[in-house]
Amino acid sequence: MKIKFIVQLFAAFSFVLGCTATSSKIGSAQSATFFCGTRKDTPATVARTSRGDVPIIRWVSTYFSGTGYTPASRCVEVSKRFQTYYDNGTLNYITTGTVNRQPVVCVAQSPGSGCSQVLFTLEERDDPNQVLQELFDIRVRAANGPITRGESQASQEPIYIDMNEYLSKTPVEEGITPISENSPENAPVRSATPPNLGQALQQVKSNEEAVGTIEKSWERDYENYFKTNLSDTSMGSEEIAATLGKLAAQTGKKTALIYAVPTPNTLELVLVMPQRKPIRKTVTAANTETLQNVAKQLTQEITDFTKVNTTSYLAPAQQLYQWIVAPLSAELEANKIDNLIFCMGGGLRSLPLAALHDGQQFLVEKYSIGLIPAFNMTDPVYKDVKNLPILAMGASQFKEQAPLAAVPVELGAIMQDLSGVLWPGSWRGKEFLNQEFTLDNLRSQRASQPFGIVHLATHAEFKSGAPENSYIQFWDSKLTLDKMRQLQWNNPPVELLVLSACRTAVGDKDAEMGFAGLAVNSGVKSALASLWSVSDEGTLALMTEFYQQLRVAPIKAEALRQSQIGMLRGQVVFEGGKLRGPMLRDGMLLPPKLAPSGTRNFKHPFYWAAFTMIGSPW
């Protein structure tokens, strides 16, 4: 959600701007609790310190009320961000930057470093450095008054404000009364918040408006679930279509975005393609109850290991294709679409989309596929990952969970040269197994080198309830989903996080949101994870092929697609004591405990359909 604001200046009498030589964390010299308070009926973001209350930003305008917030409610929201970043130790410096192509005021770890967390987004016409000077420097504005743009010459040098020094030197103010988060004056004036999304879609007047309604609704849902701000981007359908066009030119792959919104009586589909206006279809045969029953049936049939030699999944796979994809197929083919990203409603976010079937072939045989929580929560910037270093970590033995015997082979297949057996070569990076697979070591390794890809071969589970119920298992501890952002995966940025042995409580709303929101909540650009626990052998087969495909594929989702096609067509197999596949010249030798006596194929979707590209497919 984009924050528009006009604020009134609070300034330190002796505060000096500019880069300092050392980093200091708030708390070492000045403890603080951040809250929204009022003085003379004006809401302000305030830090309560041992010296007294230090005002930071005064919210004096209703200019941003069009976003659905009063000055008080916006004050509360941003004040909570100050507190969150203070609590996790990231509120060291305040600076400016660009996130998702929007100018922002943000926090940074040290002078010279980039944004680690966003405090608020500026208007595109704002000069971020000028706003920051006007907010914090008495030399720029000696009088307290509403900020107006263009009053001072902004510095062209990066500005880093040491928050510990600011809180130590800024004069305190008396008479500030905290605003209750639930007080009437703080309640968001969200006239656009309907009882449910289905009713809202019935009221919109255009397909463009439908896109905006869906984006806002689902962004709100994810932010409520994770209890944090996840995006400050507000692209409409026209800008989304333009972004897809730009990505097509960069990657050679044309992407279409499909919104699938279950309502009590219908399934609402909205299609956005490069440089095209949105297209909307209503599927009256697929009401919520019917749709979710068939979705559960598909998952039950695919995940039943006793049926891997059958095609019992075909009937529900074909029915779901007819409801979700077929109404849009003519437009997809006419526009030569290569890649589909699905933005799904509740009950559909854990659907194995790759296994949908048109009667002749699987969906993954026609398109590469990805899952996003919302487009405005997805990083649309393309970066080639072929030469990025990998941090590969995992465990084969666990104290309370089943062993993963293939993990050492999996890590070795990614990282080792294997005398040229793997084509087109091995990845650069580091590998850590079992006792070395700890959170402390993960932090240490990322601090020493900017790994663009992080591969974790371990148990992970997306469970019902709050985010803290879901976790990634390390050797010595569990990393819960609510703590993921504290690892600051975006600083340095992680282009791809791979979880090679995870599962989600299929059909559970909370578990689905944790799964679909994995990339955006963790701060990584893309994540590859599985909906259910795939066999050790199947995971090894897919991951080995995936990393070889990633060296030549134009986008990450296409590398996953080619790996899945290799498995479903019987090209990726265990045969003659080796793993063989399209990207393996003479095969990869397997250890005796993993090598079957005969041939083992992975054609059934149980082995490959669980793996899902979450977040950016590019």
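Structure's up top.
Residues numbered from 1 in each chain as written. Predicted model: local features only at pLDDT ≥ 70, side-chain atom pairs only at ≥ 80, totals over all residues. Heavy atoms only, no water.

(A) Broad picture of the overall build of the protein. Counting secondary structure elements, the protein contains 16 helices and 26 strands. Accessible surface for the protein amounts to roughly 23,700 Å². Of this, 47% is attributable to carbon and sulfur atoms. (Helix = DSSP H or I, 4+ residues; strand = E, 2+ residues; numbered from the N terminus. Areas by Shrake-Rupley, 256 points an atom, 1.4 Å probe, with all protein chains shown as cover.)

(B) Main features of the packing of helix α14 (residues 536–550) against helix α15 (residues 556–568). At a minimum axis separation of 8 Å, α14 and α15 run at an interaxial angle of 135 degrees. Classified by the interaxial angle, the pair formed by α14 and α15 is oblique. For the crossing formed where α14 meets α15, the hand is right-handed. Between α14 and α15, the residues in contact are Gly538, Ala541, Leu542, Glu545, Phe546, Gln549 and Leu550 and Lys556, Ala559, Leu560, Gln562, Ser563, Gln564 and Met567, respectively. (Axes fitted to C-alpha atoms, helices over the stretch in contact; angles between N-to-C directions. Parallel < 35°, antiparallel > 145°, perpendicular 65-115°, else oblique. Left-handed = near helix turned anticlockwise from the far one by under 90°. Contact = heavy atoms within 4.5 Å.)

(C) Just the sheet that holds strand β25 (residues 600–601), in detail. Strand order across the open sheet formed by four strands is β24-β23-β22-β25, with antiparallel pairing between neighbours. If you trace the sheet from one side to the other, it starts and ends with β24 (588–589) and β25, each paired once. Inspection of the sheet shows strand β22 (residues 573–575) paired to β25 by two bridges, in the antiparallel sense. Bridge pairing links Val573 to Asn601 in β25. (Pairing = 2+ DSSP bridges.)

(D) Representation of the pairing of strand β3 (residues 42–49) in the model. Burial of β3 is extensive: seven of the eight residues sit out of reach of the surface. The pairing of strand β2 (residues 32–39) with β3 spans eight bridges and is classified as antiparallel. When the sheet's bridge partners are listed, Arg39 is paired in β3 with Thr42. With five bridges joining them, β3 and strand β4 (residues 53–59) adopt antiparallel strand pairing. Bridge pairing in β4 links Ala47 to Val54. (Buried < 20%, exposed > 50% of the residue type's maximum accessible area, 1.4 Å probe, protein only.)

(E) Just the state of the cysteines, in detail. The tally for this structure, following the rule as stated, stands at two disulfides. One disulfide in the model links Cys36 with Cys75; its S-S distance is 2.1 Å. Disulfide Cys36 to Cys75: torsion about the S-S bond roughly 120 degrees, handedness right-handed. Within this pair, whereas Cys36 is found in strand β2, its partner Cys75 is found in helix α1 (residues 71–87), the two being separated by 39 residues in sequence. Here Cys106 engages in a disulfide with Cys115; their sulfurs sit 2.0 Å apart. (Disulfide = S-S within 2.5 Å.)

(F) Broad picture of α15. For α15, spanning 13 residues, the distance from its first C-alpha to its last is 19 Å, which sits close to the expected 18 Å at 1.5 Å a residue. The buried fraction of α15 is high, at 12 of 13 residues. Looking only at α15, the buried set comprises Lys556, Ala557, Glu558, Ala559, Leu560, Arg561, Ser563, Gln564, Ile565, Gly566, Met567 and Leu568. The first or second residue beyond α15 is Gly570, which carries a positive phi of 75 degrees. (Expected span 1.5 Å × (residues − 1).)

(G) Here's a closer look at unusual backbone geometry. For the bond from Asn491 to Pro492, the omega torsion is 0 degrees, close enough to zero to count as cis. For Gln275, which is not a glycine, the phi torsion comes out positive at approximately 55 degrees. With respect to the element layout, Gln275 can be found in the loop between β11 (267–272) and β12 (279–283). One non-glycine residue with positive phi stands out, namely Gln488, at about 55 degrees. Position of Gln488 among the secondary structure elements: in the loop between β19 (478–480) and β20 (496–504). On the accessibility criterion, Gln488 (9% relative accessible area) is buried.

(H) Examining the pairing of strand β15 (residues 390–394) more closely. Taken across its five residues, β15 has five buried, putting it largely inside the fold. Judged from the five bridges that link them, β15 and strand β17 (residues 453–462) form a sheet pairing that is parallel. Each bridged residue has a counterpart across the sheet, and for Gly394 the counterpart in β17 is Ala457.

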